[in-house]
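A structural walkthrough
Here is what each chain is made of, one letter per residue.
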Amino acid sequence: IVLKDKMANGKVVILQGLQELPISTKELNAKLVSNEIVNPLVAYGEIVDNFNKSIRNIKGVKLLNSSALKVYDLINHDFLLLDEGSYEKVKNEVL
């Protein structure tokens, strides 16, 4: 129910092109701020070193593998950011 609510309210963001991102916490944080994404939970299917190194240093961001996604985490974060693989997995389990 929590995930369906986030999807209906536009609080789920699918991330694309993670491999091309430079290792820059500052640039990634600027993108989050410019898109008004606050307190995000970031779930990934495959580790993407550049992205993971950049995002894990941003205050208020929780990074975890999509297989470890829990309802508690969804409730306590405003946005859910998923890579394409994680989105397909979560969508198939929920919808």
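These lines cover the structure that appears in this document, whether it is placed above or below. This is a predicted model, so every value here is computed, not measured.

Quick look at the overall build of the protein chain now. The helix and strand tally for the protein chain stands at 5 helices and 4 strands. For the protein chain, the succession of helices and strands along the chain, N to C, is α-β-α-β-α-β-α-β-α. With respect to the three principal axes, the spread of C-alpha positions in the protein chain is 35 × 25 × 20 Å. Burial status across the protein chain gives 37% buried among its 95 residues. Considering only residue pairs separated by 6 or more positions, the protein chain has 68% of its internal contacts joining residues 24 or more positions apart. As presented, the protein chain carries roughly 5900 Å² of accessible surface, and 50% of it is formed by carbon and sulfur atoms. Between the mean site of the 12 positive side-chain charges and the mean site of the 12 negative ones, the protein chain shows a separation of 6 Å.

What counts, and where the lines are drawn
Residues numbered from 1 in each chain as written. Predicted model: local features only at pLDDT ≥ 70, side-chain atom pairs only at ≥ 80, totals over all residues. Heavy atoms only, no water. Helix = DSSP H or I, 4+ residues; strand = E, 2+ residues; numbered from the N terminus. Buried < 20%, exposed > 50% of the residue type's maximum accessible area, 1.4 Å probe, protein only. Contact = heavy atoms within 4.5 Å. Areas by Shrake-Rupley, 256 points an atom, 1.4 Å probe, with all protein chains shown as cover. Lys, Arg positive; Asp, Glu negative; His and termini not counted. Charge placed at Lys NZ, Arg CZ, Asp CG, Glu CD.

Any functional reading would require information that these geometric values do not contain.
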